[in-house]
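# Architecture at a glance
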Amino acid sequence: MTAFLLFVALVAGSAAYVAWAWHCIAHGAAAWWFVVGAPIAYFAPAFVLVTLWFALSWIWRTPRPPEARLGFASTLRLYLTEIWTVAASWLLMVVHRLLIRDPVPAPAQRPVVLIHGVLVNDGVWLSLRRFLATNGVAPIYTINYGPPLADIEWFAEQLHNRIEAIRAATGAERLVLVAHSMGGLVARAYLRHFGAARVAKLITIGAPHHGSMLAWSFPGTCLAQMRPGNPWLTDLNRDENSAAPVPITSIWSRHDSMVAPQASSVLGNAENIALVGIAHNALLGDRRVMELVVRETAIARTT
């Protein structure tokens, strides 16, 4: 559904731009202006969204220690990288079925399942998936759950069905879950309802374990569940100070642009790894993050 809506939006936007350009050129405008303007028009929505997200996440930011503060050049890199990542992800999500395919069924000890966040699909995993494969992590599976704004509990049930299918295809007893953003809550909801017997480790990346103020900016059941203080989220965290059902590693950024406050990603019963200078969507393409995921999955394969 997400990919279809993005495809419709991209086609409609492109058609509108071409029609407008054709009209202007027919009335004497220079064609090269519209050639130059095409990428600007494509990146403009990402520019607006990312600017809004950074503004809101700054308002509700977690205080940063002096060593985590960025200079002008690093701040500009942070901002531009997020704009590029968001804009590029739209095309990846449209063609995700061509880019992301399941491995051939074969025996495996610790398959990895990549769980995306809200309003996206598994196309966002392309870079990290390739990096993991290059570094010997296999087999790698993904999940596409939906509809996009439904209940997280329903997404957890879909994850359960996916895990059972992967176990049947590989003969594996336990899997490693790697989850970005809301995917971390989906994974934790799965563990709460279906137990830990099938999971060796959970790695979350930029997950709003205690919610995000940006969840107030959009409607939907799952967005409501991610608002700080929501009863569903409070219940999910009620055992936070007890031992986790499986080893959990939470990788988060002090400059996350969508989890606000950023320390919402800190989970009491997890190993929390704080990074700096990485925005929310760019986490999935950052080399530091990818190397940490390789390391953590390697640890899980030895247990």
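Residues numbered from 1 in each chain as written. Predicted model: local features only at pLDDT ≥ 70, side-chain atom pairs only at ≥ 80, totals over all residues. Heavy atoms only, no water.

## Observations regarding unusual backbone geometry
Following A138, the chain continues into P139 via a peptide bond in cis, with omega recorded as -10°. Here the bond from A260 into P261 is cis, since omega is 0°, no more than 30 degrees from zero. Take P261: it is sitting in the loop between β5 (248-253) and β6 (271-275). Phi at L119 takes a positive value of approximately 65°, unusual for a residue other than glycine. In this fold, L119 is placed in the loop between β1 (112-115) and α5 (126-134). What makes L119 partly exposed here is its relative accessible area of 36%. (Helix = DSSP H or I, 4+ residues; strand = E, 2+ residues; numbered from the N terminus. Buried < 20%, exposed > 50% of the residue type's maximum accessible area, 1.4 Å probe, protein only.)

## Some remarks on the packing of helix α6 (residues 152-170) against helix α7 (residues 182-194)
When two helices pack together, their arrangement is given by the angle between the helix axes and by the axis-to-axis distance. Where α6 meets α7, the closest approach of the two axes is 8 Å, and the angle between their N-to-C directions is 75°. Looking at the two axes, α6 sits roughly perpendicular to α7. Note on element contacts: α7 touches α6 through M182, L185, V186, A187, A189, Y190, R192, H193 and F194, opposite I152, E153, F155, A156, E157, L159, H160 and I163. Split into classes, the residues belonging to the contact of α6 with α7 amount to twelve nonpolar, two polar and three charged. (Axes fitted to C-alpha atoms, helices over the stretch in contact; angles between N-to-C directions. Parallel < 35°, antiparallel > 145°, perpendicular 65-115°, else oblique. Contact = heavy atoms within 4.5 Å. Nonpolar A, V, L, I, M, F, W, Y, C, P; charged D, E, K, R; others polar.)

## Digging into the pairing of β5
Within β5, six of the six residues are buried, which leaves the element mostly enclosed by the surrounding structure. Residue alternation in β5 divides its side chains into two sets, I248, S250 and W252 and T249, I251 and S253, and both sets are buried. Sheet topology note: the strand β4 (residues 199-205)/β5 ladder contains four bridges and is parallel. Bridge pairing in β5 links I205 to I251. The pairing of β5 with β6 spans five bridges and is parallel. Bridge pairing in β6 links S253 to L275. (Pairing = 2+ DSSP bridges.)

## Comments concerning the packing of aromatic side chains
A complete count under the given rule lists five aromatic pairs for this structure. With centroids separated by 6.3 Å and ring planes inclined at 70°, the aromatic side chains of F47 and Y79 adopt a geometry described as edge-to-face. Here F47, found in helix α2 (residues 31-59), pairs with Y79, found in helix α3 (residues 72-94); they are 32 residues apart in sequence, far enough to count as distant. With a centroid separation of 4.4 Å and an interplanar angle of 35°, the aromatic rings of Y145 and F155 are classed as tilted. Residue Y145 is found in the loop between β2 (140-143) and α6, and its partner F155 is found in helix α6; the two are separated by ten residues along the sequence. The same class applies to Y145 and to F155, which are both buried. Site record: aromatic cluster; members linked through ring pairs are F47, F54 and Y79. The lysine or arginine in question, R61, covers the ring of W58, its NZ or CZ lying 3.9 Å from the ring centre. Sitting over the ring of W216, R227 keeps its end group 4.7 Å from the ring centre. (Phe/Tyr/Trp six-rings, centres within 6.5 Å; stacked < 30°, edge-to-face > 60°. Lys NZ or Arg CZ within 6 Å of the ring centre and 35° of its normal.)

What is shown is where atoms sit, not what they do.
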